[in-house]
Amino acid sequence: MEFEELKNFIAKGGTEVNHFGIEFKRKWQQDCGQDISAIANQENIQTGWLVIGVEDNGTLSGHDEGWLKKTEQDASNHIRQYLEPSWAVKKIFGEIINGAHCLFIEIQNPQDVVTWNGNAYKLIGTTSSKM
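Being a predicted model, the structure only gives us computed values, none of them experimental. (Residues numbered from 1 in each chain as written. Predicted model: local features only at pLDDT ≥ 70, side-chain atom pairs only at ≥ 80, totals over all residues. Heavy atoms only, no water.)

Asker: Even after reading the chapter, I still don't get helix H2 (residues 33-40), so can you show me in this structure?
Answerer: Given 3.6 residues per turn, any residue in an α-helix points the same way as the ones three and four places further on. Taken across its 8 residues, H2 has 7 buried, putting it largely inside the fold. For H2, the full list of buried residues reads Gly33, Asp35, Ile36, Ser37, Ala38, Ile39 and Ala40. (Buried < 20%, exposed > 50% of the residue type's maximum accessible area, 1.4 Å probe, protein only. Helix = DSSP H or I, 4+ residues; strand = E, 2+ residues; numbered from the N terminus.)

Pasting the structure below:
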């Protein structure tokens, strides 16, 4: 899914279960990287997304700009530290949707196994599991 289409989808309250390769998270935690690994390891996905600041049900979490700056820094640091190859993440950027700040992580399939903290993950439905 292209970014503008994804942004409009979120603005209208779309849920992640409607699209394979898109994961929503309320907040960034180190284990969110497992989803990055799982999305990047999907052969049938060219580009996937991890969107931080959106609930599983599609509701915006309502975070502010301060949250976004800290979250972007934390996510970037974790990606550099734990993701191999790190270039599986194409872009990380913030965006405001309906007044709420969200962090978008664009993920590409590098045609190689992608690991997070030494483990590879795969998607089973909307759940990331160790390979």
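On we go.
Asker: Got a minute to help me understand the packing of aromatic side chains in this structure?
Answerer: Any pair of aromatic rings gets described here by the distance separating the centres and the angle formed by the planes. Taken as a whole and assessed by the stated rule, the structure comprises 8 aromatic pairs. Seen from their ring centres, Phe3 and Phe93 are 5.0 Å apart, and the 75° between their planes marks the pair as edge-to-face. Here the residue Phe3 occupies a position in helix H1 (residues 3-11), and Phe93 occupies one in strand S4 (residues 89-97), the gap between them amounting to 90 residues. Judged by relative accessible area, Phe3 falls into the buried class, the value being 16%. By relative accessible area, which is 18% here, Phe93 ends up buried. Pairing Phe93 with Phe104 gives two aromatic rings, centres 5.6 Å apart and planes at 10°, and the pair type is stacked. Taken together, the residues span a long stretch of sequence, with Phe93 in strand S4 and Phe104 in strand S5 (residues 100-108) at a distance of 11 residues. Residue class for Phe104 comes out buried when judged on its relative accessible area of 0%. (Phe/Tyr/Trp six-rings, centres within 6.5 Å; stacked < 30°, edge-to-face > 60°.)

From the geometry alone we can't say anything about function, so treat these as descriptive.
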